[in-house]
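Single-letter residue listing:
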Amino acid sequence: MAQAESVGGDLQLVHLTKMFATFTAVDDLNLVIPKGSFFALLGPSGCGKTTTLRMVAGLEEPTSGQIMIGEKDISFERPYRRPVNTVFQSYALFPHLDIFENVAFGLRRRKVKEVKSQVEAILSLVELDGFARRMPAQLSGGQQQRVALARALINKPEVLLLDEPLGALDLKLRRQMQIELKRIQVEVGITFVHVTHDQEEAMTMADTIAVMNGGKVEQMGSPTELYENPRTTFVANFLGQSNLISGKVFERSDDLGVELYGNRIRVPRSRTSSNSDSLWVGVRPEKINITLADRPIPAANVIPGVVTDASYIGVSTQYLVKTAWSEELMVFEQNLLNSGARPGDSVNLSWDPAHTFALDANQDVDAGVEVPEADS
Amino acid sequence: MPTATSTRSPSQPVLKTPSQIHRARVWFRSHLILLVGIVVLGYMFLPVFVVVALSFNEPKSRLTYTFDKFTFNNWLHPCQVGDMCTAVGTSLKIGILATIGATLIGTLMAFAIVRHRFRGRAVTNLLVFLPMASPEVVMGSSLLTLFVAAKFPLGFWTILIAHIMFCISFVVVTVKARLAGLDPRLEQAAMDLYADEWQTFRRITLPLVMPGIVSAALLAFSLSFDDFIVTNFNSGSTVTFPMFVWGAAQRGIPPQVNVIGTAMFLFALTLVLISQLLGARRRRRLG
Ligand SMILES: Nc1ncnc2c1ncn2[C@@H]1O[C@H](COP(=O)(O)OP(=O)(O)OP(=O)(O)O)[C@@H](O)[C@H]1O
Ligand SMILES: [Mg+2]
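**Student:** For this particular structure, what's the right way to read the overall build of chain A?
**Tutor:** The helix and strand inventory of chain A stands at 8 helices and 20 strands. Dimensions of chain A along its principal axes, counting C-alpha atoms only, are 75 × 45 × 35 Å. In chain A, which comprises 376 residues, the proportion classed as buried is 54%. Considering only contacts within chain A whose residues lie at least 6 apart along the sequence, 65% involve residues at least 24 apart. Of the charged side chains in chain A, 37 are positive and 47 negative, and the gap between their average positions amounts to 8 Å.

**Student:** Looking at this structure, I do not really get the environment of valine 81 of chain B. What am I missing?
**Tutor:** Residue and element names in this part refer to chain B. Its place among the elements puts valine 81 in the loop between helix H3 (73-76) and helix H4 (84-115). Take valine 81: its relative accessible area is 14%, and that puts it in the buried class. Here the alpha-carbon distance between valine 81 and glutamine 256, two residues 175 residues apart in the chain, equals 7.4 Å.

**Student:** Mind showing me how you'd approach the domain arrangement of chain B here?
**Tutor:** Where interface size is given, it is often the accessible area lost as the parts come together that is meant. Along its sequence, chain B is organised into domain 1 (20-46) and domain 2 (83-254). Averaged C-alpha coordinates put domain 1 of chain B and domain 2 of chain B at centres separated by 39 Å.

**Student:** Even after reading the chapter, I still don't get the environment of leucine 154 of chain B, so can you show me in this structure?
**Tutor:** Residue and element names in this part refer to chain B. Looking at the secondary structure, you find leucine 154 in the loop between helix H7 (136-149) and helix H8 (156-180). Sequence spacing of leucine 154 and glycine 236 is 82 residues, and the spatial spacing of their C-alpha atoms is 4.6 Å. Ignoring anything within four residues of it in the chain, the contact list for leucine 154 reads Leu144, Phe147, Phe233, Asn234, Ser235 and Gly236.

**Student:** It is not clear to me how the site of ligand 1 should be interpreted in this structure. Could you clarify?
**Tutor:** Residue and element names in this part refer to chain A. In the vicinity of ligand 1, 14 residues are found, and the nearest of them are Ser45, Gly46, Lys49, Thr50 and Thr51. A distance of 2.5 Å separates an oxygen atom of ligand 1 from a polar side-chain atom of serine 45. For ligand 1, an oxygen atom lies 2.5 Å from a polar atom in the side chain of threonine 50. Compared with its free state, where it exposes 640 Å², ligand 1 has 63% of that area covered by protein. Residue assignment for the shell around ligand 1 shows that the elements contributing at least two residues are strand S2 (23-33) and helix H1 (49-57). For the shell around ligand 1, the element with the most residues is H1, which contributes 3 residues. Looking at the shell around ligand 1 residue by residue, the classes come out as 4 nonpolar, 7 polar and 3 charged.

**Student:** Help me out: how do you make sense of the state of the cysteines in this one?
**Tutor:** Structurally, a disulfide amounts to a covalent bond that connects the sulfur atoms of two cysteines. Residues and elements named next belong to chain B. In this structure the tally under the stated criterion is 1 disulfide over all chains. The disulfide that involves cysteine 79 links it to cysteine 85, with 1.9 Å between the sulfurs. Taking the sign of the S-S torsion, -95° for the link of cysteine 79 and cysteine 85, the bridge is left-handed. Residue cysteine 79 is classed as partly exposed on the basis of its relative accessible area of 45%.

Calculation criteria
Residues numbered from 1 in each chain as written. Chains lettered and ligands numbered in written order. Predicted model: local features only at pLDDT ≥ 70, side-chain atom pairs only at ≥ 80, totals over all residues. Heavy atoms only, no water. Helix = DSSP H or I, 4+ residues; strand = E, 2+ residues; numbered from the N terminus. Buried < 20%, exposed > 50% of the residue type's maximum accessible area, 1.4 Å probe, protein only. Contact = heavy atoms within 4.5 Å. Lys, Arg positive; Asp, Glu negative; His and termini not counted. Charge placed at Lys NZ, Arg CZ, Asp CG, Glu CD. Domains from an automatic or database assignment. Near = heavy atom within 4 Å. Polar contact = N/O pair within 3.5 Å; in protein donor to acceptor, adjacent residues only side chain to side chain. Areas by Shrake-Rupley, 256 points an atom, 1.4 Å probe, with all protein chains shown as cover. Nonpolar A, V, L, I, M, F, W, Y, C, P; charged D, E, K, R; others polar. Disulfide = S-S within 2.5 Å.

Spelled out as structure tokens, the structure:
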């Protein structure tokens, strides 16, 4: 990770570690979050996202390591002296103050003038005009969440920490708020650190995503890079879905020749994150063509198989195809192409070598496979 | 049920009786809570009504306990009997001072127990219950021994010290319950929004814990104002209102005692009413 050249107000986490008794919640985290960027922390429940944010906000003391904004070390600064505001996962609205006073709280503490006009402006931004004199308990979950957002945003901090700020909203409102949040972020140029479970949310909103697992960053990069070029099985499975097939390298030239249970395929070197000869060869389900066995094969990497399941889901048809070694591969076929494959048919699965990636075989294949949303 | 009636018209009278019983049962069931409520409330308030009624009584002799004649005289001249008003004054003074002292110390203790992890916290938590659990007679007599041994003159100050002592536990328990229910993230949110420690306490913690502190204070006052046993041991020659009533009971209780009782009751009622009205007004403003 580039760490030496820091510019302006970048948020930097340097060897940041947090232990609760003997349990390491955040493990030697190193991140540089450029000023003004939209950064997403994505990871499964309990991986240390909230703990990381709390350390940045000053609500939890790091066990070791540093937090810097620009050149300034804020690791042990009191929370109210940090140019950082938080949208809490649990909202934490003040129950004895009405919405107006909740939102105005930060301005009043800093003795800012023109509180009224600013509060009204931000309330209308989150579409809560007319709610100013209600109490928090009289609002729905989604409305409370928007108040929490307004209450933090109104202070125009250097860094805004958002801990799953859209979790309680319904899909339509969530999409709307995502666009709105992104617009606000671009407009005010504040650094957003956005924590989420929702990979789609992270992909659509963030400039950079860090995928966290067990207190560590598994991989960091742009949404495209993470999706197209995952470097661990966890990322390959957690971000979208992947077919991972065990393979052995038989040739190293401009690209790699890899044998998958007797099927020889090619993998670009740039998409191989291991020097080992045993690899997990990965390909995304939507990159695979499915063709009946007697038809011409459109791409160079080929594996034959038998269709075991086909489900039509509108935009695509999802196939499960069993290979000779009994692994079930997933294929998403756009409903434009229509191979006509049915369960029981013998088919060829083929894909462009450029769409193949390879990971070190020394990892759990099922790491990060999504268990259907247990919590939110 | 038209089908039932048409096919079974001859047996209708037979059907009617069970349905009447059924209706009575439904009526009884739906009004049961009301009935029980009235009985229990009556049970609770009967003594209060007696006190109110007797405050307008003009007894024929000092020793009768019957309602003889209606009069406003007791209300117009409450201080007519002996030193009763002095005793009430002493009780009020002790009550107020004990409330302030116990609420202050007890609230601080509650904060310490809930918010700070110090050595001996668990023990403190337990010991706080001790004065509540030990019998008042024991507490009163042992305090007396203590004061006498220390050659501390008995009177106003010994009563006050004793009252503060036994009120503290109740304050701690009441405030602690409220404080334990307070989400620490609210204070963290305030700190995140530029409130320093003092502002966070003043703007968030205190207002949210206030209902607990107020009820603790009211409880402390009523405990102190009421107390007879502990006071009786440690009062020396000072006479509080409960002691006056006790003394007077030997010679017949003057009806003015009921005036004080009723006045206290009305005062408490007014407080409750005011708080209810304020709450209702706030809700209306918001709604
Ligand atoms: N105060 C604490 N004491 C002990 N363990 C804690 C404490 N706070 C968090 N943890 C543990 O640290 C780990 C990380 O917690 P954290 O709240 O950061 O998870 P998260 O990634 O935000 O999860 P979620 O997505 O469910 O919000 C969890 O295993 C949690 O049990
Ligand atoms: Mg969390």
